[in-house]
Amino acid sequence: MGFFSFLGRVLFASIFILSAWQMFNEFGEDGGPAAKEWAPKLALLKKQIDGVIGKNNFKIDVRTFVAAIIFLKSFGGILFVLGSTFGAYLLIYYLILTTPLLYNFYNYRPGEPRFNSLLHDFLQSLAYVGALLYFLGMKNTILRRQSKKKTTKAKTS
C-alpha cells in the first residue's frame, strides 16, 4: 500500500511540478506567457480592490505574482510527493488563490463558447482541492491512530 500511495502522490504532484517547470523555463524578463495571461486579470482585480480600499493603495506586480505561483506549485508539489502536509497546504493555497481569477466562467453566459471550457477547468481545480483535502484528512486520521496505539495503560494488580 505504501508504494501505491507514493506513486499516487507522484502522479498527482506531477501536474503542478511539470507546469511550474514550464512556467520557469518561459519566465524571462517580462514574466513569459503566464504574465501576459495574468496581466489583464490582475488589472481587473486591482481595479475592484481599489474601489474598496482607495485608489493606488494596492499594487500587484505581475512578474512577482507569476514567480510566487511558480514557487507554490514547485515547492508544494515536491513536498507533497514526500508526504508533507505543508506541501498539500501550499498547493491548496495556490489553487484557492488562482482558480477564481484564472477560470472566470462567471463573466460569461451559459451557451457562449468560453463558458463551458472555463467551467470545466474551474470544476477540475475544485476537484484538485478536494483531493488535497482528502489527503490531509487521511494523514490526520493515520497520525491519530498511531498516537492512540502508542499510549498504553499500565496494568494494576
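See above for the structure.
Keep in mind that this is a model prediction, so the values were computed, not measured. (Residues numbered from 1 in each chain as written. Predicted model: local features only at pLDDT ≥ 70, side-chain atom pairs only at ≥ 80, totals over all residues. Heavy atoms only, no water.)

This paragraph deals with the pattern of salt bridges. Scanning all chains against the criterion turns up 1 salt bridge. In this structure, Asp-30 and Lys-36 form a salt bridge, with 3.4 Å as the shortest nitrogen-oxygen distance. The exposure class assigned to Asp-30 is partly exposed, which follows from its relative accessible area of 43%. (Salt bridge = Lys/Arg side-chain N within 4 Å of Asp/Glu carboxyl O. Buried < 20%, exposed > 50% of the residue type's maximum accessible area, 1.4 Å probe, protein only.)

Right, let's talk about the side chain of Asn-104 for a bit. On the secondary structure map, Asn-104 appears in the loop between helix 4 (85-102) and helix 5 (113-150). If we ignore the near neighbours within four places in the chain, the residues touching Asn-104 are Lys-41 and Leu-118. (Helix = DSSP H or I, 4+ residues; strand = E, 2+ residues; numbered from the N terminus. Contact = heavy atoms within 4.5 Å.)

Our focus in this paragraph is the environment of Leu-95. Secondary-structure assignment places Leu-95 in helix 4. Classification of Leu-95 as buried rests on a relative accessible area of 4%. Put simply, Leu-95 and Ile-49 are 46 residues apart on the chain and 20 Å apart in space, counted from C-alpha to C-alpha. Each residue touching Leu-95, except ones within four places of it in the same chain, is listed here: Phe-16, Pro-100, Ser-125, Tyr-128, Val-129 and Leu-132.

Residues Phe-16, Trp-38, Val-66, Phe-80, Leu-95 and Leu-132 are the most contacted members of the largest nonpolar core, which totals 31 residues. Residue assignment for this core shows that the elements contributing at least two residues are helix 1 (2-25), helix 2 (32-53), helix 3 (62-81), helix 4 and helix 5. Residue contributions to this core peak at 9 residues, all from helix 3. Those residues in contact with Val-66, other than ones at most four positions away along the chain, are Met-23, Phe-27, Gly-31, Ala-34, Ala-35 and Trp-38. (Core = buried A, V, L, I, M, F, W, Y, C linked by side-chain atoms within 4.5 Å.)

Moving on, we get to the packing of aromatic side chains. Enumeration over the complete set of coordinates arrives at 13 aromatic pairs. An angle of 70 degrees between the planes, with centres 6.1 Å apart, marks the rings of Phe-105 and Phe-115 as edge-to-face. In this pair, Phe-105 sits in the loop between helix 4 and helix 5 while Phe-115 sits in helix 5, placing the two residues 10 residues apart along the sequence. Under the relative-accessibility criterion, Phe-105 is labelled buried at 18%. Taken together through their ring pairs, the aromatic side chains of Phe-12, Phe-16, Phe-80, Tyr-94, Tyr-128 and Phe-135 make up a single cluster. (Phe/Tyr/Trp six-rings, centres within 6.5 Å; stacked < 30°, edge-to-face > 60°.)

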